[in-house]
Amino acid sequence: MINQKNMQLGKVRSVIRELFEYGKKRKEEVGEENVYDFSLGNPSVPAPKEVEEELKNLITETNPVILHGYTSAQGDFNVRKTVSNYINKRFNTALTPDCIYMTCGAAASLTITLNALLNDGDEVITFAPYFPEYKVFVEHAGGTLIPVQSEQNTFQIDFEKLNKALTPKTKAIIINSPNNPSGVVYEKESVKKLCKTLAEYSQKSGTEIYLISDEPYRELVFDKQTEVPYIMNYYKNSVVCYSYSKSLSLPGERIGYIAVNNEQENWQDIYAAICGAGRALGYVCAPNLFQQLVARVIDKTADISVYKQNRDLLVSALTEYGYEVVKPDGAFYLFVKALEPNADAFSERAKKLNLLLVSGNSFGVEGYVRISYCVSTDMIKRSLPAFLQLAQSYKN
Ligand SMILES: Cc1ncc(COP(=O)(O)O)c(C=O)c1O
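Since this is a predicted model, take the numbers as computed values, not measurements.

## Here's the deal with the site of the ligand
Then comes step 1: Lining the immediate environment of the ligand, one finds 13 residues, of which G105, A106, A107, S243 and S245 sit closest.
Then comes step 2: Here the element with the most residues in the shell around the ligand is helix α6 (residues 105-117); it accounts for three residues.
Then comes step 3: When the residues that make up the shell around the ligand are grouped by side-chain class, the tally is five nonpolar, seven polar and one charged.

Right, dumping it as structure tokens:
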């Protein structure tokens, strides 16, 4: 008999994908311009121009046997050196190339890291709302995901709830800031308090707790004064899972990295476990062309001004129509309170107006929907009457 768990996983489509597929069909029926698809988190702005230029340069300048050949399993040494130097300069760390493991995006970074750290039965805490794949990744690594609800109305960390969730089985915490699906950025004080809480609990219980920072949205922050604290500056037992999918608008190219904090005593063992997990999962030698590319455009980001414009437009219109929203500081998602307790029913009612909003239930929080506003500003403008009609349908 084949593996039943994986078969089930393969058969059940995610709610997000389901809605996206529905949208494609609906567009054929009523016309593309009449469907307002806010389902997917696929960047809608092109990669920066330097990406195209450097790709051309790489192809014309580099020996193709080398450019398209294998690198070391953990990634090309010079690329890892560029990445570690960049992190050191930006965040005042002292990483070496041997702290960096190049991967196929944040998804691979997370699965490798979880497989490297977890033993069967370990618990991994995350804060709801959270990226639904965390559950799949944690369970595949033999652990159990423990979602802890965030503070209502702000979606910042609820420390009372966190304290209740910590147990001697807690092996890791995954944080994601800016957050998918709320767009919230954790304040510095909150991050400091989290690190202090974990350090104190680790000491009391005699267990190591690792902090995993899932960072595909780090560069997608709209105001200069919004700081996204770098976790290694506050907590020794930390690992950063980074991806260029959203920052460079390259989600299909599958490129990112894992950075292990070398301030923790056993960081070389953790790095070895990461290499081992990468090997066991077959995540070795991330695509070389894109390893070389990211090293050449290490400090570039796609033009995110459109996302800011979209956020402002949606937040002000939806607030005016009577929706409750938490204004996001980053990423490209808006988590909106449904106008009835049942978010699935609300999302279904929106669907009737060709408004495709993902029910928040799959993100571990009830009563909300997620809007992905990485879409054209024009589509948002066209969708506003439908949002208004939806709100009015609850008043009548
Ligand atoms: C919070 C979060 N983590 C991880 C990922 C996976 O990113 P990647 O495409 O780099 O694998 C996503 C993708 O949307 C995400 O939203």
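Structure shown, so let's carry the discussion forward.
## Here we look at unusual backbone geometry
Then comes step 1: Geometrically, the link from S177 to P178 is a cis peptide bond, its omega value of -5° lying close to zero.
Then comes step 2: The phi dihedral of N153 falls on the positive side, at around 75°, and the residue is not glycine.
Then comes step 3: In this structure N153 comes out as exposed when scored by C-beta crowding, with 9 C-beta atoms within 10 Å.
Then comes step 4: Even without being a glycine, F155 presents a positive backbone phi close to 60°.
Then comes step 5: Inspection of the secondary structure assignment puts F155 in the loop between β4 (144-149) and α8 (159-165).

## Examining the pairing of strand β5 (residues 170-175)
Then comes step 1: Most of β5 is tucked away, with six of its six residues classed as buried.
Then comes step 2: Note: β5 against strand β6 (residues 210-215), four bridges, orientation parallel. Bridge pairing in β6 places I174 opposite I212.
Then comes step 3: The parallel pair β5 and β6 is bridged by helix α9 (residues 188-205), and the resulting crossover is right-handed.

## A closer look at the sheet that holds strand β12 (residues 368-372)
Then comes step 1: Reading across from one edge, β9-β12-β11 is the order of the three strands in this open sheet, with antiparallel pairing throughout. Here the strands that pair on one side only, and so sit at the sheet edges, are β9 (333-337) and β11 (358-359).
Then comes step 2: Where β11 meets β12, two bridges bridge the pair, whose relative direction is antiparallel. Within β12, the position partnered with V358 by the bridge is R370.

## Describing the domain arrangement of the protein
Then comes step 1: Each domain of the protein was delimited in the assignment, giving domain 1 (4-48 + 302-395) and domain 2 (50-296).
Then comes step 2: The interface of domain 1 with domain 2 comprises 29 residues on the first partner and 33 residues on the second.
Then comes step 3: Of all the secondary structure elements, the ones that give two or more residues to the side of domain 1 that touches domain 2 are α12 (305-321) and β9.

## So, the packing of α6 against helix α10 (residues 267-281)
Then comes step 1: Direction vectors running N to C along α6 and α10 enclose 115°, while the axes themselves pass 8 Å from each other. Here α6 and α10 pass one another in a crossing that is right-handed. Mapping the contact onto sequence places T111, I112, T113, N115 and A116 in α6 and I270, A273, I274, G276, A277, G278, A280 and L281 in α10.
Then comes step 2: Considered class by class, the residues forming the contact of α6 with α10 number eight nonpolar, five polar and no charged.

## Focus: the packing of α6 against helix α7 (residues 133-140)
Then comes step 1: Viewed as axis vectors pointing N to C, α6 and α7 meet at an angle of 35°, and their least axial separation amounts to 8 Å. The element α6 and its partner α7 pack so that their crossing is right-handed. Here α6 contributes A107, L110, T111 and L114 to the contact with α7, which in turn contributes E133, F137, V138 and H140.
Then comes step 2: Its residues assigned to classes, the contact of α6 with α7 shows five nonpolar, two polar and one charged.

## Regarding the sheet that holds strand β8 (residues 256-260)
Then comes step 1: Strands sit in the order β2-β8-β7-β6-β5-β3-β4 across an open sheet of seven strands; the sheet is mixed. The open sheet has two edge strands, β2 (100-103) and β4, and neither has a second partner. Pairs of neighbouring strands in the sheet enclose a mean axial angle of 20°, with direction left out of account.
Then comes step 2: Sheet contacts for α6: β2, β5, β6, β7 (238-243) and β8; angle to β7, the most-contacted strand, approximately 155°.
Then comes step 3: Sheet strands in contact with α10 are β2 and β8, and its direction is about 150° off that of β8.

## Topic: α10
Then comes step 1: Taking 1.5 Å of rise per residue, the 15 residues of α10 would be expected to cover 21 Å, and the 21 Å separating its terminal C-alpha atoms lies within 8% of that figure.
Then comes step 2: Every buried residue of α10 is listed here: I270, Y271, I274, A277 and G278. Down the axis of α10, the smallest arc covering the buried residues is 120°, so these residues share one side. In α10, the exposed residues that point more than 90 degrees away from the buried face are D269 and A280.
Then comes step 3: Residues of α10 that are buried in the fold lie against β2, α6 and β8.

Rules used in this analysis
Residues numbered from 1 in each chain as written. Predicted model: local features only at pLDDT ≥ 70, side-chain atom pairs only at ≥ 80, totals over all residues. Near = placed C-beta within 6 Å. Helix = DSSP H or I, 4+ residues; strand = E, 2+ residues; numbered from the N terminus. Nonpolar A, V, L, I, M, F, W, Y, C, P; charged D, E, K, R; others polar. Buried ≥ 20, exposed ≤ 12 C-beta atoms within 10 Å, placed from the backbone. Pairing = 2+ DSSP bridges. Right-handed = clockwise from strand over helix to strand, strands pointing away. Domains from an automatic or database assignment. Contact = placed C-beta atoms within 7 Å. Axes fitted to C-alpha atoms, helices over the stretch in contact; angles between N-to-C directions. Left-handed = near helix turned anticlockwise from the far one by under 90°. Expected span 1.5 Å × (residues − 1). Arc of directions from axis to C-beta.

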